[in-house]
Amino acid sequence: MRCAAVEQINAGLWRTSYFSPARYASQVQLLEIFSRQLAEWYAQHAPGELAREPLAILRAKEWIEAHYHEPITLADAAKVAQTSSWNFSRSFHRAVGLGFREFLGRTRIAHARQMLAHPQVTVANTLYAVGFTSLAQFNRSFRKFVGNSPGRFRAALVKQRQATSRPADAIPFSAAPSLRAATL
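Residues numbered from 1 in each chain as written. Predicted model: local features only at pLDDT ≥ 70, side-chain atom pairs only at ≥ 80, totals over all residues. Heavy atoms only, no water.

> Even after reading the chapter, I still don't get the overall build of the chain, so can you show me in this structure?
Tallying secondary structure elements over the chain gives ten helices and two strands in all. Across the chain, helices and strands are ordered from the amino to the carboxyl terminus as α-β-α-α-α-α-α-α-α-α-β-α. Of the contacts formed within the chain by residues at least 6 apart in sequence, a portion of 58% connects residues at least 24 apart. (Helix = DSSP H or I, 4+ residues; strand = E, 2+ residues; numbered from the N terminus. Contact = heavy atoms within 4.5 Å.)

Structure below.
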């Protein structure tokens, strides 16, 4: 009797699971969010030799992440870190490995990529929503950090979605292509 139960469990474990494309994409997105949060937690609480960022820099990074869509200056971030602009700039670059402007630009572009994944959101709405004030500035920054224009990035996402969609409602989990690039 025990062997029959074990065989049933083993048979159930080895069946192929099927996810709808929407469910697969949402699970990938959820895992990416979790992995980002886990990486941030580990960076703050890492054991041993890894250099931890100063609390002032962590506070400033969190503030930038919360206010990326607003006009932000180096002086604003330095005020949050409770230090002078010059000292903040130097400390930020040393701790993060990026200058303040580049970090802010990368943060904004990361959010823009997520917004551009939704076809109903226009490029114009995206650029204002993430804190840019002009289309030229947004396009320059997007090309710098992504390597493509926003329009080409969105077209690649559409093309990838069309390639992954199948006539059937479900895609075998093991055969589903990665959507990681589309959701970052």
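There's more to say after this.
> Can you help me understand helix α3 (residues 55–67) in this one?
Residues spaced three or four apart along an α-helix point in a common direction, a consequence of the helix completing one turn every 3.6 residues. An ideal rise of 1.5 Å per residue puts 18 Å on 13 residues; α3 measures up with 18 Å between its terminal C-alpha atoms. Those residues of α3 not exposed but buried are Ile57, Leu58, Ala60 and Ile64. Taken around the axis of α3, the buried residues stretch over an arc of 165°, which confines them to a single face. (Expected span 1.5 Å × (residues − 1). Buried < 20%, exposed > 50% of the residue type's maximum accessible area, 1.4 Å probe, protein only. Arc of directions from axis to C-beta.)

> Which parts of the structure should I look at to understand the packing of aromatic side chains?
Applying the stated criterion across every chain yields a total of seven aromatic pairs. The interplanar angle of 75° and the centroid separation of 6.3 Å between the aromatic rings of Phe92 and Phe100 together place this pair among those described as edge-to-face. By the burial criterion, Phe92 is buried, and Phe100 matches it. Ring geometry for Phe132 versus Phe138: centroids 5.3 Å apart, planes at 65°, classification edge-to-face. Accessibility expressed as a relative area gives 0% for Phe138, which makes it buried. Aromatic ring contacts, followed pair by pair, group Phe88, Phe92, Phe100 and Phe103 into a single cluster. Cation over ring: Arg108 sits above Phe132, and NZ or CZ is 5.9 Å from the ring centre. (Phe/Tyr/Trp six-rings, centres within 6.5 Å; stacked < 30°, edge-to-face > 60°. Lys NZ or Arg CZ within 6 Å of the ring centre and 35° of its normal.)

> Help me understand the confidence of the model for the chain in this model?
Close reading of the predicted structure is inappropriate where its pLDDT is low. When pLDDT is averaged across the chain, the result is 81; 78% of the residues are at 70 or more. Of all secondary-structure elements in the chain, the lowest mean pLDDT belongs to helix α10 (residues 180–183), at 42, while helix α4 (residues 74–81) reaches the highest, 94. Confidence over residues 168–184 falls short of pLDDT 50; this stretch has 43 contacts with residues more than four positions distant or in other chains. (pLDDT = per-residue confidence, 0-100.)

> When you look at the environment of Pro21 in this model, what are you seeing that I'm missing?
Examined against the element boundaries, Pro21 turns out to sit in helix α2 (residues 21–45). Spatially, the C-alpha atoms of Pro21 and Thr164 are 8.0 Å apart, while their sequence positions differ by 143 residues.

> I'm lost on the nonpolar core in this one. Help?
Nonpolar side chains tend toward joint burial in soluble globular proteins. Grouped together as the largest cluster of nonpolar side chains are 13 residues, with contacts concentrated most on Ile64, Phe88, Phe92, Phe100, Phe103 and Leu104. Looking at this core, the elements with two or more residues in it are α3, α4, α5 (85–96) and α6 (100–116). Residue contacts for Phe100: discarding those within four places in its chain leaves Ile64, Ile72, Thr73, Leu74, Ala77, Phe88 and Phe92. (Core = buried A, V, L, I, M, F, W, Y, C linked by side-chain atoms within 4.5 Å.)

> Looking at this model, I keep getting lost on α5. Mind explaining?
Taking 1.5 Å of rise per residue, twelve residues should cover 16 Å, and α5 covers 16 Å from first to last C-alpha, within 8% of that figure. Within two residues after α5, Gly97 carries a phi angle of roughly 90°, on the positive side.

> Honestly, unusual backbone geometry in this entry has me stumped. Any pointers?
For residues besides glycine, phi is generally negative; the peptide bonds are generally trans as well. Phi is positive for Gln82, close to 60°, though the residue is something other than glycine. For Gln82, the location among the structural elements is in the loop between α4 and α5. Taking relative accessible area as the criterion, Gln82 reaches 66% and is therefore assigned exposed.

> What should I look at first to understand the side chain of Thr107 in this one?
Structurally, Thr107 can be placed in helix α6. Residue classification places Thr107 among the buried residues on the basis of a relative accessible area of 8%. Ignoring any residue separated from it by four or fewer positions in sequence, one finds Thr107 in contact with Glu65 and Tyr68.

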